[in-house]
Amino acid sequence: LLVVLPSGWRITAYDWQISQKDTRLRAKEWIEAHIAKGSVFAIEGYGPPLFQLQKYAADQQVSSVLSDNDGLGVENQGEAFSPYTVYFIPLFDALADEWDQIQDLQTEYVVLSSYSYERYFSQTTKRNYPEMTRSRRDFYQTVRQRCTLLKAFKAKALNAPGPDIEIYQIRM
């Protein structure tokens, strides 16, 4: 019994954790309740699911995905699938002019995820890839300096799994 008890506790704790609402879903619900439909977002990977790819039928042409190696990917699904225009911030190889692109697209909100940004600030990354990751760190600093933090969703071990999510409004 003493041998099984610790494993049983870990299994129970894990089951409880994954049954809780993820920070990304909490952020999505907050956005839907507090930010007007038609707003324009720039979201990096591991952010709130403001899109519903599973609803696409193979023959529907409602989605336009524009992405190339030089720019932000855009997913604009229309009112039937998402009330927002969502631009995806590439996870790797931040562009020197990424902030300019976000502004050129008339983006109103930027959503960051710790699953993305933490990798650029680790001591290992700074030590091994200082120049390669500098533009991405600069991008995060720019967002935090030029935008207003509206809401942060912090992950908690037992009742709020997922990444930390930060929702910023771009100051015009």
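Our subject is the structure listed above.
Residues numbered from 1 in each chain as written. Predicted model: local features only at pLDDT ≥ 70, side-chain atom pairs only at ≥ 80, totals over all residues. Heavy atoms only, no water.

Considering the pattern of salt bridges
Here comes step 1: In this structure the tally under the stated criterion is seven salt bridges.
Here comes step 2: The closest approach of N and O atoms between Asp22 and Arg24, which form a salt bridge, is 2.9 Å.
Here comes step 3: For the salt bridge of Glu166 with Arg144, the shortest nitrogen-to-oxygen distance reads 3.0 Å. In this pair, Glu166 is assigned in strand β7 (residues 165–170) and Arg144 in helix α6 (residues 130–146), connecting sequence segments 22 residues apart.
Here comes step 4: You can call Glu166 buried: its relative accessible area is 8%. (Salt bridge = Lys/Arg side-chain N within 4 Å of Asp/Glu carboxyl O. Helix = DSSP H or I, 4+ residues; strand = E, 2+ residues; numbered from the N terminus. Buried < 20%, exposed > 50% of the residue type's maximum accessible area, 1.4 Å probe, protein only.)

Describing the pairing of strand β4 (residues 85–89)
Here comes step 1: Taking burial as the measure, the five residues of β4 include four buried ones, the bulk of the element.
Here comes step 2: Bridge analysis of strand β1 (residues 40–44) against β4 gives five bridges, and the strand direction is parallel. Across the sheet, Ile43 pairs through a bridge with Phe88, a residue of β4. (Pairing = 2+ DSSP bridges.)

Describing the environment of Leu105
Here comes step 1: Here Leu105 lies in the loop between α3 (98–104) and β5 (109–113).
Here comes step 2: Look at Leu105 and you get partly exposed, because its relative accessible area is 28%.
Here comes step 3: Along the chain, Leu105 and Tyr87 lie 18 residues apart, while their C-alpha atoms are 8.7 Å from each other.

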